[in-house]
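Report on the structure
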Amino acid sequence: MKFSFRKVRKSDEKLLFIWRNDPKARRWSFKSKPISLFEHKKYFKLKLSDKKNHMWIFLLNSQPCGLIRISIKNKKAILSYLISDKYRGKKLASIMLVKAKNKICKKFPKVTIYAQTMKKNIISVKSLTRAGFTLKNSTNKKKTYIHSCLKNKN
């Protein structure tokens, strides 16, 4: 199996709209309501043009299977991710997260990566833990995991 990333491009707009509105993805999103095409187009255009935002399509054998998005704010990299419905249940999220973590730390060596998940999303909790993220805090609804890129420096 060959894993890689590529930057999100304008032609990915429809694919990401489908992924974002997948019922299982919406179920575990902090905003569970489906997203209209109009909202998605506005959001997508904004994120593509934002220099502090970075989006990569995760590829398995050259096939799109997931998305990593980070927003850089000072020394924080806020991470969000999803795996396409077709590729769920194959433990690809933790592989994608490890590879994304390495990519982010190489590109932004002084950041701490923050990833939040709903407390009841056990699959996401396991994926983040397997990928080496550490639990920072937990509330009734969500858990926040972190990974410091600085700790990898000698």
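Residues numbered from 1 in each chain as written. Predicted model: local features only at pLDDT ≥ 70, side-chain atom pairs only at ≥ 80, totals over all residues. Heavy atoms only, no water.

**Side note on the overall build of the protein**
Note the following rule: Per the convention used, a helix needs a DSSP run of H or I reaching at least four residues, while a strand needs a run of E reaching at least two, with both numbered from the N terminus. Here the radius of gyration uses the C-alpha set of atoms, whereas the globule reference equals 2.2 Å times the residue count to the power 0.38. Note on areas: these come from Shrake-Rupley sampling with a 1.4 Å probe, and a residue is covered only by the protein chains present in the view.
Within the protein, the secondary structure is distributed over five helices and seven strands. Start at the N end of the protein and walk to the C end: the helices and strands fall as β-α-α-α-β-β-β-α-β-α-β-β. Computed over the C-alpha atoms, the radius of gyration of the protein is 15 Å, within 12% of the 15 Å expected from 2.2 N^0.38 for a compact globule of 154 residues. In terms of principal-axis extent, the alpha carbons of the protein reach across some 45 × 35 × 35 Å. Carbon and sulfur atoms make up 56% of the accessible area of the protein, which amounts to about 9700 Å² in all.

**Observations regarding the packing of helix H4 (residues 92–107) against helix H5 (residues 122–130)**
Geometry of a packed helix pair, given as the angle between the helix axes and the separation of the axes. Rule in force here: Only the stretch in contact is used when fitting a helix axis, every axis being a line fitted to C-alpha atoms; angles between N-to-C directions are given from 0 to 180 degrees. Note that the term roughly parallel is reserved for angles under 35 degrees, roughly antiparallel for angles over 145, roughly perpendicular for angles of 65 to 115, and oblique for everything else. With the far helix as reference, a near helix turned anticlockwise by less than a right angle produces a left-handed crossing, and one turned clockwise produces a right-handed crossing. By definition, residues are in contact when any of their heavy atoms lie within 4.5 Å.
At a closest axis distance of 8 Å, the pairing of H4 and H5 adopts a crossing angle of 40 degrees. Accordingly, the angle class assigned to the pair H4 and H5 is oblique. Both H4 and H5 take part in a crossing whose hand is right-handed. Judged by residue contacts, Ala93, Ser94 and Leu97 of H4 engage Ser127, Leu128 and Arg130 from H5.

**Some thoughts on the nonpolar core**
Across soluble globular proteins, you tend to see nonpolar side chains buried next to one another. Just so we agree on the cut-off: Definition of nonpolar core: a set of buried residues of the types Ala, Val, Leu, Ile, Met, Phe, Trp, Tyr and Cys, connected through side-chain atoms within 4.5 Å. The classification of residues rests on relative accessible area computed with a 1.4 Å probe and restricted to protein chains. Under 20% of the type maximum is buried, over 50% is exposed, and intermediate values are partly exposed.
Membership of the largest hydrophobic core comes to 29 residues, with the highest contact counts inside it found for Ile68, Ile70, Leu79, Ile104, Val111, Ile113 and Phe133. Ranked by residues supplied to this core, first place goes to H4 with seven residues. Ignoring any residue separated from it by four or fewer positions in sequence, one finds Ile68 in contact with Phe5, His54, Met55, Trp56, Leu79, Ser80, Tyr81, Met96, Leu97 and Ala100. Counting residues in hydrophobic clusters, the runner-up holds nine residues, among them Leu16, Met55, Ile57 and Leu67.

**A closer look at the packing of aromatic side chains**
Quick reminder of the rule: Only Phe, Tyr and Trp rings are paired, with Trp represented by its six-membered ring, and only when their centres lie within 6.5 Å; those with planes under 30 degrees apart are stacked, over 60 edge-to-face, the remainder tilted. Comment: the charge-over-ring label is applied if NZ (Lys) or CZ (Arg) is within 6 Å of the ring centre and within 35 degrees of the ring normal.
A full pass over the atoms with the stated rule returns three aromatic pairs. Ring centres of Phe5 and Phe58 lie 5.3 Å apart, and the angle between their planes is 50 degrees; this geometry places the pair in the tilted category. Taken together, the positions of Phe5 in strand E1 (residues 3–7) and Phe58 in strand E2 (residues 53–60) put the pair 53 residues apart, joining distant regions of the chain. Both residues of the pair, Phe5 and Phe58, count as buried. Each member of the aromatic cluster is reached from another via a ring pair, and the members are Phe3, Phe5, Trp56 and Phe58. The lysine or arginine in question, Arg20, covers the ring of Tyr43, its NZ or CZ lying 4.0 Å from the ring centre.

**Comments concerning unusual backbone geometry**
Backbone geometry at Asn61 places phi at a positive 50 degrees, although glycine is not the residue there. Structurally, Asn61 is set in the loop between E2 and strand E3 (63–73). By relative accessible area, which is 44% here, Asn61 ends up partly exposed. Look at Lys91: it is not a glycine, yet its phi comes out positive at around 60 degrees. Assignment of secondary structure puts Lys91 in the loop between strand E4 (76–83) and H4.

**Overview of helix H1 (residues 13–20)**
Helical geometry: 3.6 residues make up each α-helical turn, so side chains three or four residues apart lie on a common side. What counts here: This arc is built from the directions going out from the helix axis to the C-beta atoms.
Inspection of H1 places Glu13, Leu16, Trp19 and Arg20 among the buried residues, and these make up the whole buried set. Each buried residue of H1 lies within a common arc of 125 degrees when the element is viewed along its axis, so the set occupies one face.

**A few points about the state of the cysteines**
Keep this limit in mind: Disulfides are defined as pairs of cysteine sulfur atoms found within 2.5 Å of each other.
Taken as a whole, this structure holds one disulfide when the rule is applied. Put simply, Cys105 and Cys149 are joined by a disulfide, and their sulfur atoms are 2.0 Å apart. Taking the torsion about the S-S bond as the criterion, the Cys105 to Cys149 disulfide, at about -75 degrees, is left-handed. You can see Cys105 sitting in helix H4 and its partner Cys149 sitting in the segment after strand E7 (142–148), a full 44 residues away along the chain. Each member of the pair, Cys105 as well as Cys149, carries the same accessibility label: buried.

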